[in-house]
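Coordinate analysis (summary)
So you can see what is in the structure, the chains are spelled out below.
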Amino acid sequence: MENRKESSANKQLIALVTGANQGVGFQIAKALANNGYIVYVGSRNPENGAKAATEIGDNAQAVELDVTKLATLSAAAAHIAKEHGYLDLLVNNAGISHAGKPGRTLQEVVQANRASKASLDEVRTVWETNVFGTIAVTQTMLPLLRKASVARIVNVSSGLGSLSWIADPATWEREHFDLVYGASKTAMNAVTMAFALELEKENIKVNAVSPGFTATALNNFQGTDSVEVGSREPIRVALDTNGPNMTFTGPEGPLQW
Ligand SMILES: NC(=O)c1ccc[n+]([C@@H]2O[C@H](COP(=O)([O-])OP(=O)(O)OC[C@H]3O[C@@H](n4cnc5c(N)ncnc54)[C@H](OP(=O)(O)O)[C@@H]3O)[C@@H](O)[C@H]2O)c1
């Protein structure tokens, strides 16, 4: 603990956002840079990451990071360790909604992802990114987070991951709950809790947050919020250094797990 305090108290705040080359992740990275953080813009495609980092400005730096490729995770961690030696904030934002034919409408994807017909390969691919990727990035970055004076992890989940909400017959979105994406976000919430419960002893906070239903590539730009509006709650949680541990919130406030 003493080491942690000595190593980063009163120092520059450092953040890593996965999948930050576009969409909600880009908005989070931009907001962090505008609020004094040095931000590593994680991108599985280095060119897209470099373009996003240039657009954000001086406080942003691209880092190649594919959450399904462990070698890119250790290389990113080694890079951050060399440049700063600690990490104050990890935002696990990277996510996919399907692994099938690109360019389909949201309705087509939801139909194909139904529990009775979803291909096991597609379930595996999406969970590999949304669930196992989140675990892998978090475990890889933990040594750096432990070196910050007060570290936080923010997992970008989805209201769809809330079993309590989906179980309510009045919930409009229950029709969209599927095995491929919805259930992966439920699993991500469970992963959030597992880390939050273990790491609270070390004063590392772990929270889950849902954007609004946001027009991004994830839903073929059919979301009803603009990316700026839909990203507000993830940005609030990412910037909140004094909030509680193990929360799950969305644009309208607390969500049930
Ligand atoms: N949009 C919504 O309505 C909504 C609602 C609830 C939750 N969310 C969550 O919000 C997060 C961001 O999604 P978004 O809406 O901003 O969608 P998006 O624009 O498609 O962004 C997703 C990001 O994740 C990256 N990504 C995908 N697979 C990756 C991998 N294996 N390794 C590293 N990066 C990877 C993408 O990279 P590429 O550019 O290379 O594809 C992209 O940068 C996701 O976790 C999503 O589930 C979104």
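The text that follows walks through the structure, step by step, so that each part is easy to find. This structure is a prediction, so every number in the text was calculated from the model and none was measured.

Looking at the site of the ligand
In the neighbourhood of the ligand, 31 residues make up the surrounding shell, with Gly 19, Gly 23, Ala 94, Gly 95 and Leu 218 lying closest. Of all elements in the fold, only helix 2 (23-34) and helix 6 (120-145) reach the threshold of two or more residues within the shell around the ligand. Looking at which element gives the most residues to the shell around the ligand, the answer is helix 2, with three residues. Considering only residue class, the shell around the ligand consists of 10 nonpolar, 19 polar and two charged.

Quick word on helix 6
Largest kink in helix 6: about 45 degrees, centred on Glu 128. For helix 6, every residue scored as buried is listed here: Val 126, Trp 127, Thr 129, Asn 130, Gly 133, Thr 134, Val 137, Thr 138, Thr 140, Met 141, Leu 144 and Leu 145. Structurally, helix 6 contributes buried residues whose contacts are with strand 1 (14-17), helix 4 (70-83), strand 4 (89-92), strand 5 (152-156) and helix 8 (182-199).

Brief notes about unusual backbone geometry
Although it is not a glycine, Asn 203 sits at a positive phi angle of roughly 60 degrees. With respect to the helices and strands, Asn 203 occurs in the loop between helix 8 and strand 6 (205-209). Of note, Met 246 is a non-glycine position whose phi angle comes to about 60 degrees, a positive value. Tracing the sequence through the fold places Met 246 in the loop between helix 10 (232-239) and strand 7 (248-250). Note on Met 246: 16 C-beta atoms within 10 Å, which makes it partly exposed.

Some thoughts on the sheet that holds strand 7
With mixed pairing, eight strands are arranged side by side in an open sheet as 3-2-1-4-5-6-7-8. Across the chains shown, the open sheet's two edge strands, defined by having one partner strand only, are strand 3 (60-64) and strand 8 (253-254). As paired elements, strand 1 and strand 4 share three bridges and run parallel to each other. Bridge assignment links Val 17 to a residue of strand 4, and that residue is Val 91.

Thresholds, definitions, all that
Residues numbered from 1 in each chain as written. Predicted model: local features only at pLDDT ≥ 70, side-chain atom pairs only at ≥ 80, totals over all residues. Near = placed C-beta within 6 Å. Helix = DSSP H or I, 4+ residues; strand = E, 2+ residues; numbered from the N terminus. Nonpolar A, V, L, I, M, F, W, Y, C, P; charged D, E, K, R; others polar. Bend = angle between axes of the 7 residues up to and from the residue. Buried ≥ 20, exposed ≤ 12 C-beta atoms within 10 Å, placed from the backbone. Contact = placed C-beta atoms within 7 Å. Pairing = 2+ DSSP bridges.

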